[in-house]
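Chain residues, written in single-letter form:
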Amino acid sequence: MVMNMKDKKLHMIGNAHLDPVWLWNWQEGFQEVKATFQSALDRMMENEDFIFSCSSAVFYEWVEKNNPKMFEEIVERVKEGRWEIVGGWYVQPDCNIPNGESFVRHGLYSQRYFLKKFGRIAKTGYNVDSFGHNGMLPQILAKSGMENYVFMRPMPLEKGLPGRIFWWRSEDGSKVLTYRIPYEYCSSGKDLEYHANRLLYELKDGEDEMMMFYGVGNHGGGPTKENIKSIHELNEREDMPTLKMSSTISFFDSIRKSGKEYPVVQGDLQHHASGCYSVLSNIKKENRKAETLLVNAEKWSTISKVVKGQPYPEDFEQAWKGVMFNQFHDILAGTSIPSAYEDASYLYGEAMAIGQRNLNYAIQALSWDIHIEEDVTMKPIVVFNSHSWSGKMAVDLEIRGLSNDNFKLTDEQGNVVPAQRIRSEATVNGQSRLLFVADLPSMGYRVFKLYLKTEAPIDLPHVPITENSVENDRYRLELNPETGCLKSFYDKKNDLEILRREGARLAVIEDKSDTWSHNVFKFDKEIANMEVVSIRILEDGPVRSTLRVKSKYKASFVLQDFRVYKELDSIEVKVKVDWREPQTILKVKFPVNFNFRKPTYEIPYGYIEKSANGEEEPGQTWIDFSGEHFNNGKLYGLGIANDSKYSYSFDIDEMAITILKNSVYAHHDPKKLDPQEEYDYVDYGVQEMTYALIPHEGGWKDSDIIQRAMELNQRPICVIETFHEGKLPQVQSFADVDSKEIVITVMKEAEDKDGVILRAYETMKHKVHATFHLPFMERTITMDFAPCEIKTIKIPYDKEADAVEVNMLEM
């Protein structure tokens, strides 16, 4: 039977892929948006059947503020159904590196903007050029009002899928109907026959309807007169399918009505451009810092408003918009031109200045109302814990006047708290940093009291340290003086060696790929291990002792400070890098002494298990390798958390963090580097990071790695106070949850300003009945969580009104 091509349909999606930043700065992107939008409006005047689809709330904001008349025209075209708003997010971001809350905010601010300005929200998620997509996005999309998803990368050679159209499902069961764009998301401005012919094979392969995206893109442009003319001409031909000017929502509605069943895909969609997980360390570090600071500031601003009447700040949305713009896939991925990163630094600076200011207003409104007795010999220190669990956490802060060991630190009841002086950030007399481990209440604070100029130092046993080893009651670390690597990482309690070979090995890897590392999935061409220069005792005290290892490779140096605390079971490693080697990658590697190993990565608002095949993988703040110990058969694991990196690998028995990838800025294949030319490299110079080694019995779900990783990234906040009267006690908890599996990530004022929004998620793939205690609101709330579910709860200020679950748009 001969196929009648007219029974097949191509939904023609007029679009213009607009990169607001890439090989140009945002100001040029701003202009290209206006030019593209005007072109689309002109095509509508010329062709009554023409439909245009466009994403990214920031583009509409730009036009609204800079060309109100054009914006009014777009509003009318949206009402007519000829201009389709897609995406529902602020930009098309990198879909691996932002944390879970950032993806929520993209939807929250953008969808509410679309609803306010256009009377509708986007129904189709739209990230056609993003370099991979994390596996929790279906839940976030669905709970942000989007039931469909369109992407292009990874392409078929990078990720095999059961079809162009499939249901993409996340671990909680949420799913979106998804379409992978064939070939390209844009076209030339000429005749479209070539592009249409490429889709004929796809239609012959079983699909009755597909979308074909057309229009000049990347630097904007959109559909041309010739594009539209060729669509009409091609549609007249019997050897062509029906070509219909359409929208993504029309396509998805049509295939839903067809009754056809589509396969289900669960998990992430990777890999494309694996170098983007690590290249340009600074932009990724600034992203982590900004996300963390804003969430912290919102929590304390919420508590301070309810407890003290401190006005809730109006500028959080502005701060988040700067962060979200910088999450555009060509910015956060590290693939834009150098001057674009100057612009990005201004936005991060604005966001963090807003966050710092609002956080300070909030916590000082609280600390000023704590009743602190008069004592001229005492300096009160209020320590705030932003997490929804209590526990011991390391605290350090600058203290003026702390010049020797004749001091004493106590808690609010007068119990002595071990403390030690460590090096100040300043090089002056009469000042040190104070280090101690604070036992803090959940989402609350505690007052500690520092007495300077005591008669004699308090005699406390030190954390044992030698020239090559350091240990506490649980673990012993031994460094090899010949290599500078960890020779032994020994668990005293379980009587086992964690490492199979030397760990903390700094491996230098050749990287001749471009900035993106197109078509490269592993970075495994090791050319050297860094050589040890020195090992020395940096700190020797009752709270922690530290060994510093200095390593070198050619003109580059790395400092690793191995910090062992008396009261903490995780090992903290502060890293400072001064890197001078072009076209190289630096990894820190740990081979584990386990069999039947299982690698796990944190992803935004979830986790994923992967293979130990050496491929580079994106992750959030922690990774874990668990298995059965080779010697004693115990189930055991090693987790590693960090404060600024997103790129990891597991290769057979070795886990690694990619510290840096030193590529030429915006170098794209097939352009070849000229060996006579001097280029700018993205990770040339000094950078710092901290990682934590978190061994544990059992699998990672038996550990506290989620909590330890969050503590590493959201450290306690200190206020040095004075004595004064107040209504608040010297120790206070404002919120907690009774289940270890549930983590509160967000507490903010509702967008409608009539209550508080609490967001929490289930972390371990368990069904959980959880109770939230919120004494600052005089509320107790119980909720049932499905495995891996993210819940958004609205708690009205009106105490007579019930708390209710809402979607991520707070509706």
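Residues numbered from 1 in each chain as written. Predicted model: local features only at pLDDT ≥ 70, side-chain atom pairs only at ≥ 80, totals over all residues. Heavy atoms only, no water.

**Q** How should I be thinking about the packing of helix α9 (residues 281–308) against helix α10 (residues 316–326) in this particular structure?
**A** Think of two packed helices as two axes; the pair is described by the angle between the axes and how far apart they sit. It is at 10 Å that the axes of α9 and α10 come closest, and there the two elements cross at 165°. Looking at the two axes, α9 sits roughly antiparallel to α10. Note that α9 runs across α10; the crossing there is left-handed. Between α9 and α10, the contacting residues are Asn287, Ala290, Glu291, Leu294, Val295, Ala297, Glu298 and Ser301 on the first element and Phe316, Ala319, Trp320 and Val323 on the second. Split into classes, the residues belonging to the contact of α9 with α10 amount to eight nonpolar, two polar and two charged. (Axes fitted to C-alpha atoms, helices over the stretch in contact; angles between N-to-C directions. Helix = DSSP H or I, 4+ residues; strand = E, 2+ residues; numbered from the N terminus. Parallel < 35°, antiparallel > 145°, perpendicular 65-115°, else oblique. Left-handed = near helix turned anticlockwise from the far one by under 90°. Contact = heavy atoms within 4.5 Å. Nonpolar A, V, L, I, M, F, W, Y, C, P; charged D, E, K, R; others polar.)

**Q** What's the story with helix α3 (residues 68–80) in this structure? I'm lost.
**A** When the terminal C-alpha atoms of α3 are compared, their 19 Å separation across 13 residues agrees well with the 18 Å that a helix rising 1.5 Å per residue should span. Looking at α3, one finds that the buried residues are Met70, Phe71, Ile74, Val75, Arg77 and Val78. All buried residues of α3 fall inside an arc of 165° around its axis, so they share one side. Seen from the buried face of α3, the exposed residues on the opposite side, beyond 90 degrees, are Lys69, Glu72 and Lys79. Looking at the buried side of α3, the elements it contacts are α1 (26–46), α2 (57–66), β3 (83–85) and α4 (100–118). (Expected span 1.5 Å × (residues − 1). Buried < 20%, exposed > 50% of the residue type's maximum accessible area, 1.4 Å probe, protein only. Arc of directions from axis to C-beta.)

**Q** Whenever I open this one, the packing of aromatic side chains confuses me. Can you help?
**A** Any two aromatic rings considered together are summarised by their centre-to-centre distance and by the angle between their planes. One pass over the full model with this rule turns up 43 aromatic pairs. With 5.5 Å between their ring centres and 90° between their planes, tyrosine 60 and phenylalanine 114 make a pair best called edge-to-face. Of the two residues, tyrosine 60 is situated in helix α2 and phenylalanine 114 in helix α4; the sequence distance between them amounts to 54 residues. Here tyrosine 60 matches phenylalanine 114 in class, with each residue buried. (Phe/Tyr/Trp six-rings, centres within 6.5 Å; stacked < 30°, edge-to-face > 60°.)

**Q** Where do I start with the sheet that holds strand β38 (residues 736–737) in this structure?
**A** Spatially, three strands are ordered β38-β41-β42 in an open sheet, and the strand pairing comes out antiparallel. At either margin of the open sheet sits one strand with a lone partner, and together these are β38 and β42 (779–785). With seven bridges connecting them, strand β41 (residues 768–774) and β42 associate as antiparallel partners. The residue of β42 that forms the bridge with valine 768 is phenylalanine 785. (Pairing = 2+ DSSP bridges.)

**Q** Hey, could you run me through the environment of tyrosine 90 in this one?
**A** Summarising the element assignment, tyrosine 90 is placed in the loop between β3 and α4. Tyrosine 90 sits 231 residues away from lysine 321 along the chain, and the two C-alpha atoms are 7.6 Å apart. Of the polar contacts made by the side chain of tyrosine 90, one reaches the side chain of glutamate 61; its length is 2.8 Å. (Polar contact = N/O pair within 3.5 Å; in protein donor to acceptor, adjacent residues only side chain to side chain.)

**Q** Explain the nonpolar core here, please?
**A** The nonpolar side chains of a soluble globular protein tend to be buried with one another. Formed by 138 residues in total, the largest nonpolar core has its most connected members in Phe37, Tyr60, Ile74, Trp83, Phe118, Trp300 and Phe772. Of the residues forming this core, the biggest block, 11 residues, is contributed by helix α12 (residues 338–367). Not counting chain neighbours up to four residues away, the residues in contact with isoleucine 74 comprise Phe37, Leu41, Tyr60, Val63, Trp83 and Phe118. By size, the runner-up hydrophobic cluster in this structure holds 105 residues, among which are Ala438, Leu499, Val573 and Val746. (Core = buried A, V, L, I, M, F, W, Y, C linked by side-chain atoms within 4.5 Å.)

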